[in-house]
Amino acid sequence: MPDGIVSVPEVTGWNYLNLGTDDVFAAEEMILNGTAPTSLAWPSAGLALYIPEYIAAPGLVVGAFWQNGTAVAGNVELALYDEDGNKLATTGLIAAATVSVPQYTAFASPVLVTTGRYYLAVVASSASQQFLAWTTSAAATNVNRMFGILEQAGLGSGLPASWTPVTSARSYLPLVSLSFMTAAVTV
C-alpha cells in the first residue's frame, strides 16, 4: 500500500488533527469489553506505557492530551517516540487538573513526522491518578500485548530520552492522543 492519507475512517471516525487510542483501538476495546471507557486508576506510580501509533501522512505534531477520570493526582507526561525508542517531543511533567475533562498540553518543541510507526508514551507519578480508560476483567488476558503496547516501570521523574521497555502484560489502555497543527489551504 503506498504512503498517503488513508480515507477510510475507523469505527469512531478518524480525525486528521488527532491520532490516539480512541481512533486506533476503540473498536477492538468495545468488542473485548462491551462498554465504553470508564474512569480507572493508573496501574502503578512511575509506570510508562508506550502505545503504538501508525501515522499515515506527514504532519506537524504540536501536542498531546489525555482524558482525566473522576480523580486527579500527581503529574502526567506524554511524549512521542520513534520506532527505535528515541524521545522526539514531550509535554514535560504536568500537574493533572480538573476531573472528567480532557487535558491538553503542547509539546515544548513541535515535531515534524513522516509516514510510519511511532509510540505515544504516557506516565503518571501517582497510582491515584485516574484516566478515562479501557480495561478487561482479568489482567491475565494480556490485551496490551495483543495491541503491541510496551511498558517501563520505575520512572518517577518522567519519561527517559531513550527507552528500555518490556512487553506489557496488562489490560489497561488510557484515552490519550496526539494533536497535529491545523493548516489553512487557499485556492
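Everything quoted here is computed from the prediction, not taken from an experiment.

Visitor: Help me out: how do you make sense of the environment of Pro110 in this one?
Guide: Within the secondary structure layout, Pro110 lies in strand β8 (residues 102-113). Between the C-alpha atom of Pro110 and that of Met181, which follows or precedes it by 71 residues, the distance is 8.9 Å. Excluding residues within four positions of it along the chain, Pro110 makes contact with Leu60, Val61 and Val62.

Visitor: Please clarify how the confidence of the model for the protein should be interpreted in this entry.
Guide: A low pLDDT score tells you not to read the predicted coordinates there in detail. Taken over all residues, the pLDDT of the protein has a mean of 81, while the share at 70 or more is 75%. Confidence over residues 1-18 falls short of pLDDT 50; this stretch has 32 contacts with residues more than four positions distant or in other chains.

Visitor: I'm lost on the sheet that holds strand β13 (residues 172-174) in this one. Help?
Guide: Strands pair in a sheet through their backbones, by hydrogen bonds, and they do so in one of two ways: parallel or antiparallel. Spatially, three strands are ordered β2-β10-β13 in an open sheet, and the strand pairing comes out antiparallel. With partners counted over all chains shown, the strands left at the sheet margins are β2 (38-41) and β13, one partner each. Averaged over all adjacent pairs, the angle separating strand axes in this sheet is 60°, with direction ignored. Alignment of strand β10 (residues 130-135) against β13, held across three bridges, turns out to be antiparallel. Following the sheet pairing, Trp134 is matched in β13 by Leu173.

Visitor: Just to check I follow, could you spell out the environment of Ser125 for this structure?
Guide: Position of Ser125 relative to the elements: it lies in the loop between β9 (116-124) and β10. For Ser125, a relative accessible area of 31% corresponds to the partly exposed category. Spatially, the C-alpha atom of Ser125 lies 7.8 Å from that of Gly158, the residues being 33 residues apart in sequence. Dropping the residues within four chain positions of it, Ser125 is found in contact with Ala45, Gly46, Gly74 and Asn75.

Visitor: So what exactly am I meant to see when it comes to the nonpolar core here?
Guide: In a soluble, globular protein the nonpolar side chains are often hidden away together inside. Formed by 33 residues in total, the largest nonpolar core has its most connected members in Val122 and Phe131. Ranked by the residues each element gives to this core, the list is headed by β9, at four residues. Listed in part, the eleven residues of the second largest apolar core include Tyr81, Tyr119, Leu155 and Trp163.

Visitor: What is the right way to look at the pattern of salt bridges in this model?
Guide: Oppositely charged side chains can pair when the atoms bearing their charge come close. Here the structure, examined in full by the defined rule, presents three salt bridges. For Glu77, the salt bridge goes to Lys87, with nearest N and O atoms at 3.5 Å. Separated by ten residues along the polypeptide, Glu77 in strand β5 (residues 75-82) and Lys87 in strand β6 (residues 87-90) bring together distant segments of the chain. Looking at Glu77, the relative accessible area reads 3%, which means it is buried. With a shortest N-O distance of 2.8 Å, Arg170 and Glu151 are connected by a salt bridge. Pair noted here: Arg170 is in the loop between β12 (166-167) and β13 and Glu151 is in strand β11 (residues 150-152), with a separation of 19 residues, a long-range link.

Cut-off values and rules
Residues numbered from 1 in each chain as written. Predicted model: local features only at pLDDT ≥ 70, side-chain atom pairs only at ≥ 80, totals over all residues. Heavy atoms only, no water. Helix = DSSP H or I, 4+ residues; strand = E, 2+ residues; numbered from the N terminus. Contact = heavy atoms within 4.5 Å. pLDDT = per-residue confidence, 0-100. Pairing = 2+ DSSP bridges. Axes fitted to C-alpha atoms, helices over the stretch in contact; angles between N-to-C directions. Buried < 20%, exposed > 50% of the residue type's maximum accessible area, 1.4 Å probe, protein only. Core = buried A, V, L, I, M, F, W, Y, C linked by side-chain atoms within 4.5 Å. Salt bridge = Lys/Arg side-chain N within 4 Å of Asp/Glu carboxyl O.

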